[in-house]
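Residues per chain, in single letters:
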Amino acid sequence: MSEQVVEQFVDRIDAVFLPVKNLQDSLVWYQNMFGFGLRWSNERMAGLAIAPNCGFHLVQISDFEPISTYTPFNFVVKDVEEVRARLERNGVTVSEIRNGEPKRFDLTDNNGNMISVIQL
């Protein structure tokens, strides 16, 4: 059996969909903690503005279980120490900074979801 080589045809990932317990509470939390603007919303989902060509969507799930055993994506920042200190002052649960490539820490959002923050 020979392996067929498939030419890549996907350009990029358009959006991340993060499950949340309560959409309105989560919208307020992400806007207050990170300053993300609202792009659109409906009864179940909302898109937040982070950067061009980067979709970050919150999705209310009826049988919600937090993503607490791994981080499904990273937020990229310029100064990881400053961001960690700011989040900690705002009562966000954050891990210690892990030095290395990249320098990073994890946070837990208001739903119990873990997210990594990295400095590039």
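Everything discussed here concerns the structure shown above.
Bear in mind that the values here come from a model prediction, so they are computed numbers and not experimental data. Counting from 1, residues in each chain are numbered in the order their sequence is written. Restriction of local features to residues with pLDDT of at least 70 applies here, the model being predicted, together with a cutoff of 80 or more for giving and counting side-chain atom pairs; totals for whole chains, interfaces and linings are based on all residues. Here the side-chain values reflect all heavy atoms present in the structure, with hydrogen atoms and water set aside.

The next subject is the pattern of salt bridges. Any Lys or Arg side-chain nitrogen found within 4 Å of a carboxyl oxygen on Asp or Glu counts as a salt bridge. Under the definition given, this model contains 6 salt bridges. Among the salt bridges present, the one from Asp106 reaches Arg98, with a minimum N-O distance of 3.3 Å. Given a relative accessible area of 15%, Asp106 falls into the buried group. Any residue under 20% of the maximum accessible area for its type is buried, any over 50% is exposed, and the rest in between are partly exposed; the area is computed with a 1.4 Å probe on protein chains only. The exposure class assigned to Arg98 is partly exposed, which follows from its relative accessible area of 30%. A network of salt bridges, in which partner residues are shared, links Arg84, Glu88 and Glu96.

By size, the foremost hydrophobic cluster in this structure holds 25 residues, and its most contacted members are Tyr30, Phe56, Leu58 and Leu107. Within the residue set of this core, elements represented by two or more residues are strand E1 (15-20), helix H1 (23-34), strand E3 (45-51), strand E4 (54-60), strand E5 (74-77), helix H2 (80-89), strand E7 (103-108) and strand E8 (114-119). Secondary structure elements follow DSSP: runs of H or I of four or more residues count as helices, runs of E of two or more count as strands, with numbering from the N terminus. Ranked by residues supplied to this core, first place goes to H1 with 5 residues. When sequence neighbours within four positions are dropped, the list of residues in contact with Leu107 reads Trp29, Phe34, Leu87, Val92, Thr93, Val94, Asn113, Met114, Ile115 and Val117. Among the buried residues, those of types Ala, Val, Leu, Ile, Met, Phe, Trp, Tyr and Cys that are joined through side-chain atoms within 4.5 Å form a nonpolar core. Residues are treated as being in contact if the distance between any of their heavy atoms lies within 4.5 Å.

This next bit is on the sheet that holds E7. Two strands are counted as paired when DSSP detects at least two bridges linking them. Overall, mixed pairing links the 4 strands, which are arranged E5-E8-E7-E6 in an open sheet. In this open sheet, the two edge strands, each paired with only one partner strand, are E5 and strand E6 (93-94). Where E6 meets E7, 2 bridges bridge the pair, whose relative direction is antiparallel. What sits directly across from Thr93, in E7, is Thr108. Every angle, taken between N-to-C directions, lies between 0 and 180 degrees, and every axis is a line fitted to C-alpha atoms, over only the stretch in contact when it is a helix. The strands that H1 touches are E5, E7 and E8; relative to E7, the one it contacts most, it runs at about 145 degrees. Each of E5, E6, E7 and E8 touches H2; the most contacted strand, E7, lies at about 20 degrees to it.

Excluding any residue in a salt bridge, patches collect residues exceeding 30% relative accessible area, merging like charges within 9 Å and nonpolar Val, Leu, Ile, Met, Phe, Trp and Tyr side chains within 5 Å. The Shrake-Rupley method, run with a 1.4 Å probe sphere, supplies the accessible areas, and residue values consider only the shown protein chains as cover. Where nonpolar side chains cluster on the molecular surface, the patch consists of Val6, Phe9 and Val10 and spans about 360 Å² of accessible area. The residue Val6 is located in the segment before E1 in this model. On the accessibility criterion, Val6 (61% relative accessible area) is exposed.

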